[in-house]
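# Notes for the structure review
Here are the chains, one letter per residue:
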Amino acid sequence: MNIMDYDTVALDDEKSALVIIDQTKLPYSTELLELTDLKDIWDAIYMLKVRGAPAIGVAAGIGIYLEAKKIARDEKEFSAFLGKFRQAKDYLDSSRPTAVNLSWALNRMEQVVLSHRNQSIGKIVDALRREAQEIRNEDIWVCRAIGEYGLTLIKDGDGLLTHCNAGKLAAVKYGTATAPMYLGKEKGYHFKIYADETRPLLQGARLTAFELQESGFDVTLICDNMAGMVMRNGWINAVFVGCDRVAANGDVANKIGTSMVAALAKRYDIPFYVCAPTATIDMATPTGNDIRIEERKPEEITEMWYTRRMAPEGVRVFNPAFDITDNELISGIITEYGIARAPYSESLKGIFQRKVSGINHQ
Ligand code: MRU
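Residues numbered from 1 in each chain as written. Predicted model: local features only at pLDDT ≥ 70, side-chain atom pairs only at ≥ 80, totals over all residues. Heavy atoms only, no water.

Surveying the vicinity of the ligand reveals 17 residues, the closest of which are Arg51, Ala53, Arg96, Asn254 and Lys255. At 2.8 Å, a side-chain N or O of Arg51 approaches an oxygen atom of the ligand. Between the ligand and Lys255, the relevant distance is 2.7 Å, taken from an oxygen atom to a side-chain nitrogen or oxygen of the residue. Given that more than half its atoms are within 2 Å of the pocket grid, the ligand belongs to the largest cavity. Listed by contribution, the elements that provide at least two residues to the shell around the ligand are helix 2 (53-74) and strand 9 (252-255). Of the residues in the shell around the ligand, the class split is seven nonpolar, six polar and four charged. Each of domain 1 (3-142) and domain 2 (153-357) accounts for three or more of the residues forming the shell around the ligand. (Near = heavy atom within 4 Å. Polar contact = N/O pair within 3.5 Å; in protein donor to acceptor, adjacent residues only side chain to side chain. 1 Å grid on protein atoms, 1.4 Å probe; cavity = no way out; pocket = protein on both sides within 12 Å on 5 of 7 lines; lining within 4 Å. Sits in = over half its atoms within 2 Å of the grid points. Helix = DSSP H or I, 4+ residues; strand = E, 2+ residues; numbered from the N terminus. Nonpolar A, V, L, I, M, F, W, Y, C, P; charged D, E, K, R; others polar. Domains from an automatic or database assignment.)

Have a look at this one:
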């Protein structure tokens, strides 16, 4: 079986389990984890066994449904059920701070509880199950729509660069930044794709290069500090990246190193596109300065992946997992409801108006 044949994140009803591919084991082995315990789901998100903004949102939706099912065994009265539901929700929400899809999915699940408050606890749990599946199913058409919009910006034969993994492994099916690539491939296009390895956790090398190679793409892996050279060589026609949170002014948080790629793309006049489901756009966050950036353990830089430590003992380390790309470096934000262009404070509002009216064609 190919990695594309496995679900990144799914619900197993019979086992009452969240099933994920353990992405920390890729590309060496494809191991599926069946998680039934809230603490294990929290750990899986924190440890990046499941990662990427959309996949985290889907995992959180399924995780809180499974916990609600357990709570329902003891609590038959609404306010007691809601109290425990909210405790579990806050706990899961604390697993990672930057990707807004996590709180977006959990808030959506809470709304289901509140809007069914006059029904039995059993009915509320049934509705939560449907919503968790809906969040998962939505991701498929949302990413496909992003792919269709993205494909209008490129042509057969183009060289494309991406950073981190915003692929199928970060979502349910097409990924976001990779969706235009997968859809182009369906049409018989041949892209030449460059994947940044993405220090320090190597999502580009371990995940993007892997899934694209398994899917039959022409993919070349480069170190992050080689992006300038491939751009200067004229090999890149467009950059597509995913994101963890888009602020209302169009500033974008994505994997550390994204802002350097954007600055280089500007230098070489290459369009830099951010692929963002509306679930990743946070209109309640005014600018990139208001986005909380996750900081992770120093060992990810000093020791991980090396057979022996590669930095002096005791050296101070700064390890932010994400950075902010300023909106002026972004050529377009591709959503399932169209492509937003500068000025983003206006165009992103327009995207949500289209969402409210259900218009998803340009
Ligand atoms: O730390 P990660 O691996 O969860 O970071 C993932 C990214 O930065 C992705 O680009 C982003 O979540 C978008 S995934 C479609």
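Here the narrative resumes.
In this section: empty space enclosed by the protein. Scanning all chains against the criterion turns up two cavities of 30 Å³ or more. Considered as a void within the structure, the largest cavity measures approximately 190 Å³ in volume. As for the largest cavity, its lining consists of 23 residues, of which Arg51, Gly52, Ala53, Asn165 and Asp244 are closest to the centre. Those elements that provide at least two residues to the lining of the largest cavity are helix 2 and strand 9. (Points joined across faces, edges and corners; volume = space filled by probe spheres on them.)

A few words now on the layout of surface pockets. Volume-wise, the largest pocket comes out at about 270 Å³. Taken together, Thr24, Tyr46, Met47, Leu48, Lys49, Leu201, Arg206, Arg296, Lys297, Glu300, Met304 and Trp305 make up the lining of the largest pocket. Here the lining of the largest pocket is composed, by residue class, of six nonpolar, one polar and five charged. Each of domain 1 (3-142) and domain 2 (153-357) contributes no fewer than three residues to the lining of the largest pocket. Lining the second largest pocket are 17 residues, and of these Trp104, Arg108, Glu138, Val142 and Ala279 lie nearest its centre.

Each domain of the protein was delimited in the assignment, giving domain 1 (3-142) and domain 2 (153-357). Measuring from the centre of the C-alpha atoms in domain 1 to the corresponding centre in domain 2 gives 25 Å. In this complex, domain 1 contributes 31 residues to the contact, which on the side of domain 2 involves 37 residues. Summed over both sides, the interface between domain 1 and domain 2 buries roughly 3,000 Å², with carbon and sulfur atoms accounting for 59% of that surface. The interface formed by domain 1 and domain 2 contains one salt bridge. Between Arg96 and Glu294 there is a salt bridge whose closest N-O contact spans 2.9 Å. Linking domain 1 with domain 2 are 19 residue pairs in polar contact (both at pLDDT 80 or more), by the criterion used here. (Contact = heavy atoms within 4.5 Å. Buried area = accessible area lost by both parts, 1.4 Å probe. Salt bridge = Lys/Arg side-chain N within 4 Å of Asp/Glu carboxyl O.)

By secondary structure assignment, the location of Glu303 is in the loop between helix 10 (299-302) and strand 12 (322-325). A distance of 2.8 Å separates polar atoms of two side chains, one belonging to Glu303 and the other to Arg309.

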